[in-house]
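Structural features, examined
The lines below spell out each chain.
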Amino acid sequence: MEQSRPTKLSIIGAGGVGVAIAYAALIRGSADVVALHDVASAKVEAEVLDLAHAMPFLAAKRIEGGTDLGVIAASDVVVITAGAKQRAGEPRLALAARNADIVRALVPGIREHAPDAILLIVTNPCDVLTVVAQRESGLDSARVLSSGTVLDTSRLRWRLSELVGVHPRSVHALIVGEHGDSEFPLWSRAKIGPVLVREWREDGELRFPRAELDRIADEVMHAAYRIIEGKGATSSAIGVSTARIVEAILRDERAVLPVSSVLRGELGLRDVALSLPSVLGRGGVERVLEVPMEDAERAALERSAEAIASTLRSLD
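What comes next concerns the included structure.

Cut-offs and rules
Residues numbered from 1 in each chain as written. Predicted model: local features only at pLDDT ≥ 70, side-chain atom pairs only at ≥ 80, totals over all residues. Heavy atoms only, no water. Axes fitted to C-alpha atoms, helices over the stretch in contact; angles between N-to-C directions. Helix = DSSP H or I, 4+ residues; strand = E, 2+ residues; numbered from the N terminus. Parallel < 35°, antiparallel > 145°, perpendicular 65-115°, else oblique. Left-handed = near helix turned anticlockwise from the far one by under 90°. Contact = heavy atoms within 4.5 Å. Nonpolar A, V, L, I, M, F, W, Y, C, P; charged D, E, K, R; others polar. Pairing = 2+ DSSP bridges. Buried < 20%, exposed > 50% of the residue type's maximum accessible area, 1.4 Å probe, protein only. Right-handed = clockwise from strand over helix to strand, strands pointing away.

The next thing to look at is the packing of helix α1 (residues 16-28) against helix α2 (residues 41-52). Contact geometry for α1 and α2: axes closest at 11 Å, N-to-C directions at 20 degrees. By the criterion of interaxial angle, the relationship of α1 to α2 is roughly parallel. α2 is crossed by α1, and the crossing has right-handed handedness. Across the interface between the two elements, V19, A22, Y23 and L26 from α1 touch K43, E47 and L51 from α2. Split by residue class, the contact of α1 with α2 holds five nonpolar, no polar and two charged.

Here we come to the sheet that holds strand β17 (residues 278-281). In a beta sheet, neighbouring strands are held together by backbone hydrogen bonds and run either parallel or antiparallel to one another. Taken in spatial order, the three strands of this open sheet run β14-β17-β18, and their pairing is antiparallel. Single-partner strands in this sheet number two, and they are β14 (255-257) and β18 (284-288). Between one strand and the next, the sheet's axes are offset by a mean angle of 40 degrees, whatever the strand orientation. Relative to β18, β17 is paired through four bridges, and the arrangement is antiparallel.

This next bit is on the sheet that holds strand β10 (residues 191-192). With antiparallel pairing, three strands are arranged side by side in an open sheet as β7-β10-β11. Since the sheet does not close on itself, it has two edges, and those belong to β7 (171-172) and β11 (195-196), each with one partner.

Here D295 lies in helix α9 (residues 295-315). Overall, the relative accessible area of 70% leaves D295 in the exposed class. Between the C-alpha atom of D295 and that of A31, which follows or precedes it by 264 residues, the distance is 41 Å.

Assignment of secondary structure puts E183 in the loop between β8 (175-176) and β9 (184-185). Those residues in contact with E183 that lie beyond four places of it in its chain are T149, D152, I175, V176, E178, V220, M221 and S304.

A few words on the pairing of strand β2 (residues 33-37). Counting buried positions along β2 gives five out of five residues, so the element sits mostly inside the fold. Of the two faces of β2, the one lined by V33, A35 and H37 and the one lined by V34 and L36 are each fully buried. Relative to β2, strand β1 (residues 8-12) is paired through five bridges, and the arrangement is parallel. Considered in β2, the bridge of L9 is made with V34. Running through α1, the crossover from β1 to the neighbouring parallel element β2 is right-handed.

Just geometry here; none of it tells us what the structure is for.
If you want it as structure tokens, here you go:
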């Protein structure tokens, strides 16, 4: 029987986030081969060596890397984490001008060395940069996506699980829209087990009145700022959540995750990238689900889309 070609994940940027993604992918076996690229030779060589020393205990087969972009050759997925860091208290969209040029500079080399790869943007503002990367690469919008609100959604599920004492896997809730200050929970669809969050009762009383839902939404939306204030950047959770996205693609799972991709008329939105529940498989974003929303949620989604569109206009 002919053996399939080993799967390969490449990560551009050996900073805290890039290394966290590589570490998570190696431990979880997200791909057979993980490659790490950075222009800082001493840094990337040290990070690759550090990870390589753990290979006897890891699920993946090989780690490689260096400063030559050719290291990404034959990649199935290329993750971009390179870019300026978000400063404490700084909105993600404020990073757009600094990081758009970096993405534009990277895309031609990625297309040269890994022409069949799916591009996964983690650098912020990831929604804006997804549009930039898709336009620059000329790839079908299904093959250019960002981590979107996968991490934000995980934060929400964890927080709700802590509040009611159930496992996070039993919480089915979504953050949608921009990965940033205009994101919002889709409370009309959120459930704990089979019970709507807005109908969850304890001692006969509603556990989540409107004010409590608003408080939780604000806490989740600003969680990154709290982490940045304490340790300088978020890294661990985005590492694991990005590895999860890669797995859904490379294993052709057709899993539903709230990644961000350029919309082509879904829910009446076009030429902006924002997060909606999407079916992920070997072709990338195979379908964006047009989840029913209440009027207020739909209005919030349109405000989120306009925030992204406004930033894109400022880059033109």
